[in-house]
Amino acid sequence: MPKKRSGGGLSTTQQAAKFLGVSVLAGAVMAGIALPAAGALGLAAKGSVQGFDDIPANLKSPQLSQRTRILDSKGNQIAQVYSRDRTVVDLKDISPYMQKAIVAIEDSRYYQHGAIDLKGVLRALNKNAQSGGVAQGASTLTQQLVKNYFIEEAGDDPTKVAEATQQTLGRKVKELKYAIQLEEKLGKKKILENYLNITFFGEQAYGVEAASQRYFSKHAKDLSLEQSALLAGIVQSPSRYDPVNDEAEATKRRNVVLERMAQLGDISQAEADRAKEAPLGLHVTQPKNGCITASKGAGFFCKYVENVFLTDPTFGKTREARAKLWNQGGLTIRTTLDPQAQDSVQASIKDHVYKSDSVAAAATLVEPGSGKILAMGQSKPYGYNKNETEYNFSVDRDYGGSNYGFPTGSTFKPFVAAAAIEGGKPATQEYSSPYKMNYPSPVQQCDGKQWVNTDGEQVENENESEVGPYQMKKAMAKSINTYFVQLISDIGLCPVVKMTDALHVHQGDGSKLPQTPSIALGAIGLSPLTMASAYATFADRGMYCTPVAIESITQKIGNEQKSLAVPKSTCSRAMSEKTADTINTLLRGVVDSGTGQQAGLDDRESAGKTGTTDSRKNAWFVGYTPNLAGAVWVGSAKQNVEMTNITIGGVYHPEVFGADTPGPIWKDAMTGALEGKADESFNLVDIPDEGDKGKGDNPGTGDGTNGDTGGLIGGLFGGLTDGGSNDGGTTNGGNGNGGNGGNGNGGTTPNPTFSFPDGFFQGNGNGGNGNGGRRG
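Colleague: Explain the sheet that holds strand β2 (residues 77–81) here, please?
Modeller: Note: strands within a sheet are paired through backbone hydrogen bonds, in either parallel or antiparallel orientation. What the five strands build is an open sheet, ordered β2-β1-β3-β15-β16; its pairing is mixed. Looking at the sheet topology across the chains shown, the edges are occupied by β2 and β16 (560–564). Pairs of neighbouring strands in the sheet enclose a mean axial angle of 20°, with direction left out of account. Seen against the sheet, helix α12 (residues 299–311) touches β1 (68–71), β2, β3 (331–335) and β15 (550–557) and runs at an angle of roughly 115° to β3. Here helix α13 (residues 319–328) sits on the sheet in contact with β1, β2, β3, β15 and β16, set at roughly 100° to β3.

Colleague: I keep staring at the state of the cysteines and nothing clicks. Help me out?
Modeller: Note on terminology: disulfide describes a covalent bond linking the sulfur atoms of two cysteines. In total, this model carries three disulfides according to the counting rule given. Two residues, Cys291 and Cys302, share a disulfide whose sulfurs are 2.1 Å apart. Judged by the sign of its S-S torsion, about -70°, the cystine formed by Cys291 and Cys302 is left-handed. Here Cys302 lies in helix α12 and Cys291 lies in the loop between α11 (269–277) and α12, a separation of eleven residues in the sequence. A residue is classified by how much of its surface remains accessible, and Cys302, at 0% relative accessible area, is buried. Here Cys545 pairs with Cys571 through a disulfide, and the sulfurs are 2.1 Å apart. Classification of the bridge connecting Cys545 and Cys571 rests on its S-S torsion, roughly 110°, and on that basis the disulfide is right-handed. Highlighted residues: Cys545 in strand β14 (residues 543–545) and Cys571 in strand β17 (residues 571–573), separated in sequence by 26 residues. When its relative accessible area of 37% is taken as the criterion, Cys571 is described as partly exposed. Bonded cysteines in the protein chain are paired 1-2, 3-4, 5-6 when counted in the order they occur along the chain.

What counts and how
- Residues numbered from 1 in each chain as written.
- Predicted model: local features only at pLDDT ≥ 70, side-chain atom pairs only at ≥ 80, totals over all residues.
- Heavy atoms only, no water.
- Pairing = 2+ DSSP bridges.
- Helix = DSSP H or I, 4+ residues; strand = E, 2+ residues; numbered from the N terminus.
- Axes fitted to C-alpha atoms, helices over the stretch in contact; angles between N-to-C directions.
- Contact = heavy atoms within 4.5 Å.
- Disulfide = S-S within 2.5 Å.
- Buried < 20%, exposed > 50% of the residue type's maximum accessible area, 1.4 Å probe, protein only.

Here you go:
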């Protein structure tokens, strides 16, 4: 965007060209006025200038680009963004001093002439002839307004800007015709108002309101005489007369304006002299443009809103059309960001992870049932300096996030469980779950093909003591890897893929999940927003809602406010209520007595899942209450930090787990976000404890045929060691899963005086494996 209005600082060649142009144009104008029917204005060049009558009759006033305001859900401003800092105001909201000053210095006969000032043209010609150059121009305010329309329409396209400002006779003729049209259509006051709103005042300020705020931190209606004269003087050459960078030159120019106002009788000479003695009195407000200036640490959310706008076809069929609307501005965007939730997220992250740490944290909170994003924050601030970043770790790549998202570890396991339960597997489903095993093979894929473990890939649990068999409830609470690998092998990959599709779970680059059993353990990169939205489905009893960040948008067009359509959340059933309730019961157990105890909320029901990836490069906690879901990730954006023997937020960790770093962040963020909110309850289901079936923490290893022997012996000794009976010890003992000794049914020996070695009596029979009773 040129910083100089035509007429200032021209070279000798340019001055000569302008002199010639003004001279020829004057002749053309007079010829045109004398012979309007001739159409060509008596111009000599054969077709070199577009015929006057051939110029399109209507000049469409461009929608002036303005500031856009981004607000939170309560109406508080988060940030303002603009391609041009401009706030359009009515003439009544512009100081009378400012109106007189701009007319005095730019077009003193403004109210006496029409679109073109013939007397001014002749005066300029005479003055220029005497000087041998271009000492005076002849453009009226109306002509200048037309030229600014062309510049505004050109936007930031340098080629179009050059065309709009080129010093050619053809452009001058076009400018003249449109100036005549504007005089007839708008009248003097409206033209002056439009001119003061469109013209450039330097320092990134377009229009008098933005200029008044930039230089004096006040509204245009409150400008004093000397302040008005200063701004009016800037217009001719914003760079030369910039008061911030050259106070002396700006003062001289201001005083020229004051003297001209006195000559015209707008003010008295005494007023002019007093004003000349006054200091400039600058009170500069630095430009605050873009999401980098956002409050409440909401810079990343702000940028996400911008990326949604530029990506969603709701705002235009093409990205170019959407960008044009965004740059045009004048928008008031009310978002879903909840200030209480955002404050809580930022405070929690700040308490637990320092921006100077070698790893980062990101957290996103989503409202179940609506998809509204209530908070989004991270430990490294939005910016370009040390310990800052422009990447939003909470979202996908297309919205400003990392390239692929981050591996989620065991937080993926609930999706596998949901697929299995939705397909008919009971929550009591049991697998042998050894400490270490090869990935089961082959495993059925959606296309009818099979995944085969050709490389002998292995999987193991966190601790060697974690040896099955396990049922789903304890496997989820203890996060048993081998259990979920066996589960996904049993049901096949297709049910899991269908479930994750229904939950809109996709990789951070937008691609679908690969069909391989390792997805059960969270080997694929996802974003926190994707995870929070998926877990919100469990909270809302199986209804998935697409995430939304924008509640409403209005656009200022003239004095009118126009409402724009915004993308709405689309909700669909991803699983049955029973499946969701079962998952909620399983994940409540994680925070009650499993790996996520450090994250469990103290004052209300909560559920969630921990996750830690290979080499401890990522740690997660994703959890929810019935009315709020949130995901927290901690790790290195470049995936090059192994979180062992590491200090995070001033706390030393021999090894980082999902429970001990993301968990407390989640807990504190959720606690603050939910303060004062309704305490709602889950719809839980009854999932029998494994001990209720006679299974102890360290089960026996006896072998049985169809449960006969294993069930008989397991039930017998289970009853003895836990005060129970030998309910499972019949020919069909397998059906009792090794007897009911775990409940001490009918037993009279609650304190046994002996026990058997771990795993001594586990049967592998066909009916519950004949597991021995819970050890006493």
